[in-house]
Amino acid sequence: MSPSDESNEEQIRAIVREEVTRTARTLVGTVLWTLLSIFTVLVGIQLVQFALYAASAAAAAGFVLAGAVVTGSSLYLLYLTHWA
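Residues numbered from 1 in each chain as written. Predicted model: local features only at pLDDT ≥ 70, side-chain atom pairs only at ≥ 80, totals over all residues. Heavy atoms only, no water.

**Considerations on the side chain of Ser-74**
Okay, so step 1: On the secondary structure map, Ser-74 appears in helix α2 (residues 57-82).
Okay, so step 2: For Ser-74, the residues in contact, after removing those within four places along its chain, are Ser-37, Thr-40 and Val-41. (Helix = DSSP H or I, 4+ residues; strand = E, 2+ residues; numbered from the N terminus. Contact = heavy atoms within 4.5 Å.)

What follows is the structure in structure tokens.
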């Protein structure tokens, strides 16, 4: 009798187990990065709000610049996580 190329049940179960683990890890990573980027968008918006109450124009400009960088980076992370 010639050897068969068919997989046995143990091999199929091992492959499915690996794929389920990898998919779960990918899903958890996507959820965590999404939550982190949403939180940092809120931090960036709050930095811009701090600029309204800054003591000097230089401090206000710094808060606006920092808020824009943080918000932009967070939105880019969301883009990379979900649409790229």
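**Brief notes about the packing of helix α1 (residues 9-52) against α2**
Okay, so step 1: Contact pair α1 / α2: the axes reach a minimum separation of 8 Å and the direction vectors enclose 160 degrees. In this view, α1 runs roughly antiparallel relative to α2, as classed from their interaxial angle. Two packed elements cross with a definite hand, and for α1 against α2 that hand is left-handed.
Okay, so step 2: For the contact of α1 with α2, a count of residues per class yields 16 nonpolar, 10 polar and no charged. (Axes fitted to C-alpha atoms, helices over the stretch in contact; angles between N-to-C directions. Parallel < 35°, antiparallel > 145°, perpendicular 65-115°, else oblique. Left-handed = near helix turned anticlockwise from the far one by under 90°. Nonpolar A, V, L, I, M, F, W, Y, C, P; charged D, E, K, R; others polar.)

**Here's the deal with the pattern of salt bridges**
Okay, so step 1: Scanning the model with the defined rule gives two salt bridges in all.
Okay, so step 2: With a closest N to O distance of 2.8 Å, Glu-9 and Arg-13 form a salt bridge. Of this pair, Glu-9 and Arg-13 both sit in helix α1, four residues apart, which is roughly one turn of the helix. An identical accessibility class is assigned to Glu-9 and Arg-13; each is exposed.
Okay, so step 3: Residue Arg-22 pairs with Glu-19 through a salt bridge whose shortest N-O separation is 2.5 Å. Note that Arg-22 and Glu-19 are positioned in helix α1 at a spacing of three residues, about one turn of the helix.
Okay, so step 4: Its relative accessible area of 48% is what places Arg-22 among the partly exposed residues.
Okay, so step 5: What makes Glu-19 partly exposed here is its relative accessible area of 36%. (Salt bridge = Lys/Arg side-chain N within 4 Å of Asp/Glu carboxyl O. Buried < 20%, exposed > 50% of the residue type's maximum accessible area, 1.4 Å probe, protein only.)

Remember, this is a structural readout, not a statement about activity or role.
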